[in-house]
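The lines below spell out each chain.
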Amino acid sequence: MVAPGSRGEVALFVTCLVDLMRPSIAFSALKLIEAAGYVAVVPEAQTCCGQPGYNSGDTAAARALARKFIAEFERFPYIVAPSGSCAGTVRTHYPDLFANEPEWRARAEALAAKTFELTQFLVDVAGVTEVPGDFSGSVTYHDSCSGLRELGVKQQPRTLLDRMPGVKRIEMRECEECCGFGGLFSVKYPDISGAIVQRKCDAIRGSGAYAVALGDLGCMMNIEGRLRRNGDELTQVIHIAELLAGDVGGQG
Amino acid sequence: MSVRDDILGRLRRQLGRTDSTTLAARERVEATLALRQTGPRAAADALLDRFIERARAMISSVDRCATEAEVPAHCADWLRGHGLPTTVVVVPALAALDWAGAGLEARVGAATGDDLVGVTGCFRAIAETGTLMLCSGPQSPAVNSLLPETHIAVVPRQHIVADMEAAWAEARRELSAWPRAVNFVSGPSRTADIEQTIVLGAHGPYRVHLLIVG
Amino acid sequence: MHFVSRVRQRLDDPELQRNLKRTRGRNAASRAAAVAAFPDFDAVRARATEIRASVLRDLDVWLERFEQKAIERGATVLWARDGDHACDLIIDIARRHGVRTVVKSKSMVSEEAGLNAALEAAGIRPVETDLGEYILQINDNEPPSHIIMPVIHKSKEQVSELFARVHGTAPKTDIEELTHEARAVLRPEFLGADMGLSGGNFLVAETGSVAIVTNEGNGRLCTTLPRVHVALTGIEKVIPTLEDLATLLRILPRSATGQAITNYVSMLTGPKQAGDADGPEHMYFVLVDGGRADLLGSEFEAMLRCIRCGACMNHCPVYQTIGGHSYGWVYPGPMGSVLTPLYQGLDKAMDLPHAATLCNQCGVVCPVSIPLPELMRTLREKQVERGLRPWSERIATKLWAWVAARPTLYALGTRVAVRYLRWLADGRDRIQVMGVAPGWTAQRDFPAPAAKTFRELYAERRRGGGQ
């Protein structure tokens, strides 16, 4: 067991969606970072990483927010976000935003190299082998696209889930398939998005798991919203941070 | 300006060509052609076993015989055993074999739409994929492996090479004139266009039988 | 018809949805099995990418080199500005040689050009011979819905009904019988046609040849039996050497159908030679630009690496939901969502680059590493730059970015937003109708937010003694 706070500072990027919708996810993330022996810091002026602008094609808007983000976070040794898609924006897209500005590009690259999705940080950087919480019940993990395909988040959440004695981990079929969220895609093309998330819900139900865990709040709201609209009040949809921190109740 | 020159001119503009970069490009092109760089390649061992295994995976049937002289009798037995016609069209390259002696009614030449069984040799055979490499020419018309419902190919064992790269190297070395058509054939013709269900005999042969000699 | 309406129509078509469901995931599974059984896949993919990228760097010189070799071998090389021009050239060839019937093997460039309609208008009869393309042609020239499996959207019952109607035969439900019925109909067409038209998977500069990859054998028949062979393809299809062909053939069929190799790979070099018993007397290449040259050296150049395997659509959650016809032009799926706006005009396909979740399944499986989601995103950028997005969306994005750059204002905004959403939820844990994002609640509930933002709660916690 490492001494609390002995491993230096980690800045938490809360993400705009967590700030707005589910603050508990950020508190769980703080608990996990601290349990791993770091001092968790929340830079106060943070807002959004700029991804909505980036994906809408408004590069100027995205670039402005990227500058703001870099200035706020670059002084920390590590930056962690409870989201594969926000961490992915910083890690894989920030450097591209500054293709023609060498100075900013260098700063973006330096920041990218120390920015991690939460479970990726806990396993690959902090090397944690114990998590603070437990959870009783069967859990299936949905691999969100950016975390999986931009950052290579695949084994990390599973490794951590397997550390929880009460968790029975079950793989759903096609766990790497997109849930159909896609940010503004979900509101611009609701018919397509709805059909895709329906398949994801069928896969989750088909796994028989009590809960689906995942690392991105956007996908989480999409899946939970569809399950509930379908009349499924039972299947729990849980952010991996809350699950690992022991901040949610389990089965029975 | 011709359309050709217009297209090439626009390509050059898009590439920002100058006289010196064009010259450099020509040198790069010649160097690439001279180098003939290969990518990752197949293993070069156990050629016979791999060829047979891969050919069967592509739904060719495979049989063996010791010498070329035995080929007609093997063909005749195989055709009779499968209830297939014993009238065959044979490529000129194999004209010297004693087809009549094996009880086959053989015509030497190019296949027509009426021929039901075509017998060919092969330039090389590729172990990596169980594939025949057939080069068209006066001695080996391309139609003989294409029009008949049944294709029998005679594969000399020493013609089995590891991969397509090896086959190309031998073609460059051995062929005095580059053939009009080089056809790589891996089993019978097939389609999966309807409901992704595989059906053999889409337009070409329904069955391909390989007779390895040696 | 507008993209969204086309999509709605496809989603509401139970037969199409059944057909999509039947094959959904099957090609992806076949590819996955083929990749797993082939340990060098990633290395071959890297090499294939490099081959295609290196050709594009010197495309002008490679084309000249290809042309020179093809001419040396007795072929005629023609250049077409666009699809219409390609049709004119092919009709000229047909007239010169007294052609009445053209047997065709699969060519997506022919679809781009609308060649069948042009030939018919010129009194020349085109006959599609790929089973899928034939089915579409006799069904009133229906367009393909997939670049290598053109009738993936049809059931055997639909094909059966079509054959019975067009061939005047008894309806069959057995797929083998249907396939062999088409074989019997098409065999005399091959034997009697004056011209064969093929596409070209690759043009090999070393030898001046076209390489054609098929399973059915129709490609071989079209390029062997008729007096005239025309290979119609895009200017980007050149590769340097036979070794490069070997590399690309390791990755194309595996990516497309999971096959280690297609049944036939034909390398055709010039017309019939002295002493040859078979082969066409005349061979032509028609090399089409059609928007390709403009992509060279642009941020979309990677798209020219495409080898038309279809892996991107086989792995696309959107394609697998709406089918190929929703995309509105020849090329569907992710590669179509990039090519259609580039070849047809940005303003002609406003939805396509946006109708994607950017999940990057396509980018991950692309055998030549085309960053398809990045290209779609860049197209979105172009729409914004050219002022093509609706004003409401532009203002909303600007406003959001302006607020997000001002933390105090942003914090206030989120506080208000949370209270507003809580009011909408009216004490429940979810919102079922939301005026600001009707698209969301049309398909799913919107989970209600917590009572306060993280920012507020964290400040409270700090004030409360920094627990």
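Note: the structure precedes this text.
Conventions and cut-offs
Residues numbered from 1 in each chain as written. Chains lettered and ligands numbered in written order. Predicted model: local features only at pLDDT ≥ 70, side-chain atom pairs only at ≥ 80, totals over all residues. Heavy atoms only, no water. Salt bridge = Lys/Arg side-chain N within 4 Å of Asp/Glu carboxyl O. Helix = DSSP H or I, 4+ residues; strand = E, 2+ residues; numbered from the N terminus. Buried < 20%, exposed > 50% of the residue type's maximum accessible area, 1.4 Å probe, protein only. Contact = heavy atoms within 4.5 Å. Buried area = accessible area lost by both parts, 1.4 Å probe. Polar contact = N/O pair within 3.5 Å; in protein donor to acceptor, adjacent residues only side chain to side chain. Nonpolar A, V, L, I, M, F, W, Y, C, P; charged D, E, K, R; others polar. Pairing = 2+ DSSP bridges.

## Points about the pattern of salt bridges
Where side chains of opposite charge bring their charged atoms close, a pairing between them can arise.
Part 1 of the argument: The full count for this structure, using the stated rule, is 70 salt bridges over all chains.
Part 2 of the argument: The partner of E171 of chain A in a salt bridge is R158 of chain A, and the shortest N-O contact between them spans 2.6 Å. With E171 of chain A in the loop between β6 (167-169) and α10 (185-188) and R158 of chain A in helix α9 (residues 155-161), the pair connects residues that are 13 residues apart, well separated along the chain.
Part 3 of the argument: A salt bridge links E50 of chain C to R57 of chain C, with the shortest nitrogen-to-oxygen separation between them at 3.1 Å.
Part 4 of the argument: Using a relative accessible area of 36% as the deciding quantity, one classes E50 of chain C as partly exposed.
Part 5 of the argument: Linked by salt bridges that have partners in common, D143, K154, R158, D162, R169, E171 and E176 of chain A make up one network.

## A word on the interface of chain A and chain C
Part 1 of the argument: Opposite the 59 residues of chain A that make contact, chain C presents 63 residues.
Part 2 of the argument: The three residues of chain A that bury the most area against chain C are D19, Y189 and R229 of chain A, which together make up 12% of that side's buried surface.
Part 3 of the argument: For the pair chain A and chain C, the interface holds six salt bridges.
Part 4 of the argument: R8 of chain C is the salt-bridge partner of D191 of chain A, the closest N and O atoms lying 2.8 Å from each other.
Part 5 of the argument: On the surface where chain A and chain C come into contact, there are 28 residue pairs in polar contact (both at pLDDT 80 or more).
Part 6 of the argument: When grouped by side-chain class, the residues that make up the side of chain A that touches chain C number 26 nonpolar, 17 polar and 16 charged.

## Points about the sheet that holds strand β9 (residues 181-185) of chain B
Part 1 of the argument: Pairing is mixed across the open sheet formed by eight strands, whose spatial order is β8(B)-β5(B)-β6(B)-β9(B)-β9(C)-β6(C)-β5(C)-β8(C). Whereas interior strands pair on both sides, the edge strands pair on one side only; in this sheet they are β8 (160-161) of chain B together with β8 (238-239) of chain C.
Part 2 of the argument: Strand direction decides the pairing type here: strand β5 (residues 202-204) of chain C and strand β6 (residues 209-214) of chain C, joined by three bridges, are antiparallel. Residue pairing in the sheet places F202 of chain C in a bridge with A211 of chain C of β6 of chain C.

## Regarding helix α9 (residues 131-138) of chain C
Part 1 of the argument: Among the eight residues in α9 of chain C, eight count as buried, and that is most of the element.
Part 2 of the argument: Among all positions of α9 of chain C, only L131, G132, E133, Y134, I135, L136, Q137 and I138 of chain C are buried.
Part 3 of the argument: Looking at the packing, one finds that the buried side of α9 of chain C touches β10 (190-191) of chain B together with α7 (108-113), α8 (115-121), β3 (125-128), α10 (156-167) and α11 (175-192) of chain C.
Part 4 of the argument: Backbone nitrogen of G132 of chain C and a side-chain oxygen of the N-cap are separated by 3.1 Å at the start of α9 of chain C; the cap is D130 of chain C.
Part 5 of the argument: Positive phi appears at D140 of chain C, one or two residues downstream of α9 of chain C, with a value of about 60 degrees.

## Examining the interface of chain B and chain C
Part 1 of the argument: Each side of the interface is counted separately: chain B has 72 residues, and chain C has 99 residues.
Part 2 of the argument: Of the roughly 7400 Å² buried at the junction of chain B and chain C (both faces included), carbon and sulfur atoms supply 55%.
Part 3 of the argument: Counting the surface chain B buries against chain C, the share from its top three residues, R180, E195 and H203 of chain B, is 14%.
Part 4 of the argument: Taking the shortest distance from any N to any O, the salt bridge between R28 of chain B and D58 of chain C comes out at 2.7 Å.
Part 5 of the argument: Contributing elements (two or more residues each) for the side of chain B that touches chain C: α1 (3-14), α2 (19-35), α5 (164-174), β9, β10 and β11 (199-200) of chain B.
Part 6 of the argument: Take the side of chain B that touches chain C: its biggest share by element is eight residues, from α1 of chain B.
Part 7 of the argument: Among the residues forming the side of chain B that touches chain C, the class breakdown is 33 nonpolar, 20 polar and 19 charged.

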